[in-house]
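Descriptive analysis of the structure
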Amino acid sequence: MAPTHVLRCCQRGLAWIPVVFIAMVVCWSYYAYVLKLCICTISNIGEKVAYLIFFHLFFVMFVWSYWKTIFTKPTNPSKEFCLPKAEKECYEKEERPESQQEILWRAASSLPLYTRTGAGAIRYCDRCQVIKPDRCHHCSACDMCVLKMDHHCPWVNNCVGFSNYKFFILFLAYSLLYCLFIAATVLQYFIEFWTNERDPQAKFHVLFLFFVAAMFCISILSLFSYHLWLVGKNRSTIEAFRAPVFRTGSDKNGFSLGFRKNIAQVFGDQMRFWLFPVFTSQGDGLTFPTRLVNADVEQATVTLHPAPNKSAEVTVSPLSDSQNRLLNNDQHANNTLKTAESENVTISMESES
């Protein structure tokens, strides 16, 4: 037991090496840009002041978003997704998978669950002993189930998920702007140092600063573009590689609500907070509205046909996002309601196209 605990502590310590490396590179870039370039190299006062103002603006936003991405704790499923004590004991004692699934189905009947396993079973984490909410996955590095897990990022030593996905996007955006600004403003002095003999120490920092900024800029640009595409499609990295499975089958666009709503789900409704690393994402991470594309009992158009003496026809729109929940498998696509007195009301279910 003790060696395992020590090994775990060593792994946690080693996991901080990429973060420490990034921190050292950022500190060095600050020293090289502010001291060696702006103070020691640039002679024009106006240019120097302008460079320092914009540099510190990007630097503060980059460090702020990076800090929030690292130290925002991933959110876990709430207690309602844990099995009750009696059912948990029955689940652990039961050896047959079919009987275990029956226990899980009973426990999940009151939970807002859309997705299933590839075999159509309830998604259950034996490690955390919880029924997984939609878009929740177990992270082996963090050893926990993470709500709307995107991926585990070694460069922030944290799981990127519901609680910090906006911060991660902003971290990529501001790190890209930081590197672009450095590369663009250093370029002319890079050429000057490359062709002329000047201060050898400043020359090393300026030349190396340009190479590092350009290298990081290229790598971050591809990653940032990919995650912007994921946000527009309302997919996580896991869902991009493996489409979520709903009651009616897998659907890679099952959570997509349209470009504007997809953006708002990550960044929030108030645009004035979009550029700041403060939490504004919609929802609680446990439930997510789905796109009404599959033929589902709740994803239907309901038309009420009054009695002959009534001339009006009333159309009831599909259920709202907050009401949109999976029903049990034993419910059917067509239901007939009987009225108490003179009216006969027929409800016909039509799948959304």
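Please refer to the structure higher up on the page.
Everything in this summary refers to the structure shown in the same document.

Here we look at the sheet that holds strand E8 (residues 245-246)
An order of E1-E8-E9 is seen for the 3 strands of this open sheet, with the pairing classed as antiparallel. Each end of this open sheet is capped by a strand with a single partner; those strands are strand E1 (115-116) and strand E9 (249-250). Bridging between E8 and E9 involves 2 bridges; their strand directions are antiparallel. In the strand pairing of E9, Phe 246 is matched with Gly 249.

Concerning the packing of helix H7 (residues 200-233) against helix H9 (residues 259-267)
Two elements in contact, H7 and H9, have axes whose closest approach is 7 Å; the angle formed by their N-to-C orientations is 110°. Classed by the angle they form, the pair H7 and H9 counts as roughly perpendicular. The segment H7 lies against H9, with Val 231, Gly 232 and Lys 233 engaging Phe 259, Asn 262, Ile 263, Val 266 and Phe 267. Residue composition of the contact of H7 with H9, by class: 5 nonpolar, 2 polar and 1 charged.

Regarding a nonpolar patch on the surface
On the surface, a nonpolar cluster with roughly 560 Å² of combined accessible area is contributed by Trp 16, Val 20, Met 24, Trp 67 and Phe 71. Listed by contribution, the elements that provide at least two residues to the nonpolar patch are helix H2 (17-39) and helix H3 (45-71). Secondary-structure assignment places Trp 67 in helix H3.

Some details on the nonpolar core
Judged by nonpolar contacts, the single largest core of 54 residues is most densely connected at Tyr 33, Phe 55, Tyr 165, Ile 182 and Val 186. Only H2, H3, helix H6 (165-195), H7 and H9 provide two or more residues apiece to this core. By residue number, the principal contributor to this core is H6, which donates 18 residues. Filtering out sequence-adjacent residues up to four positions away, Tyr 33 remains in contact with Cys 38, Tyr 51, Phe 55, Phe 181, Ile 182, Thr 185, Val 186 and Leu 209.

Describing the state of the cysteines
The final tally for this structure, using the stated rule, is 0 disulfides. With no disulfide partner, Cys 128 has as its closest neighbouring cysteine sulfur the one in Cys 145, 3.6 Å distant. Note on Cys 128: relative accessible area 27%, which makes it partly exposed.

Considering unusual backbone geometry
The backbone of Lys 148 sits at a positive phi, close to 45°, despite the residue not being glycine. Counting through the fold element by element, Lys 148 comes out in the loop between strand E5 (144-146) and strand E6 (151-153). A positive phi is found at Asn 157, a non-glycine position, where the angle reads about 50°. Considering the arrangement of structural elements, one finds Asn 157 in the loop between E6 and strand E7 (158-160).

With respect to H6
Between its first and last C-alpha, H6 extends 44 Å over 31 residues, near the 45 Å set by a 1.5 Å rise per residue. Helix geometry: H6 is bent most strongly at Leu 187, by close to 45°. Counting buried residues along H6, 22 of its 31 residues qualify, which places the element largely inside the surrounding structure.

A few points about the pattern of salt bridges
The full count for this structure, using the stated rule, is 3 salt bridges. Notably, a salt bridge pairs Glu 94 with Arg 96, separated by 3.6 Å at the nearest N-O pair. We classify Glu 94 as partly exposed; its relative accessible area is 25%. A residue is classified by how much of its surface remains accessible, and Arg 96, at 52% relative accessible area, is exposed. With a shortest N-O distance of 2.8 Å, Asp 143 and Arg 127 are connected by a salt bridge. You can see Asp 143 sitting in the loop between strand E4 (137-139) and E5 and its partner Arg 127 sitting in the loop between strand E2 (124-125) and strand E3 (130-131), a full 16 residues away along the chain.

Quick notes on the rules
Residues numbered from 1 in each chain as written. Predicted model: local features only at pLDDT ≥ 70, side-chain atom pairs only at ≥ 80, totals over all residues. Heavy atoms only, no water. Pairing = 2+ DSSP bridges. Helix = DSSP H or I, 4+ residues; strand = E, 2+ residues; numbered from the N terminus. Axes fitted to C-alpha atoms, helices over the stretch in contact; angles between N-to-C directions. Parallel < 35°, antiparallel > 145°, perpendicular 65-115°, else oblique. Contact = heavy atoms within 4.5 Å. Nonpolar A, V, L, I, M, F, W, Y, C, P; charged D, E, K, R; others polar. Patch = residues over 30% accessible without salt bridge, like charges linked within 9 Å, V, L, I, M, F, W, Y side chains within 5 Å. Areas by Shrake-Rupley, 256 points an atom, 1.4 Å probe, with all protein chains shown as cover. Salt bridge = Lys/Arg side-chain N within 4 Å of Asp/Glu carboxyl O. Core = buried A, V, L, I, M, F, W, Y, C linked by side-chain atoms within 4.5 Å. Buried < 20%, exposed > 50% of the residue type's maximum accessible area, 1.4 Å probe, protein only. Disulfide = S-S within 2.5 Å. Expected span 1.5 Å × (residues − 1). Bend = angle between axes of the 7 residues up to and from the residue.

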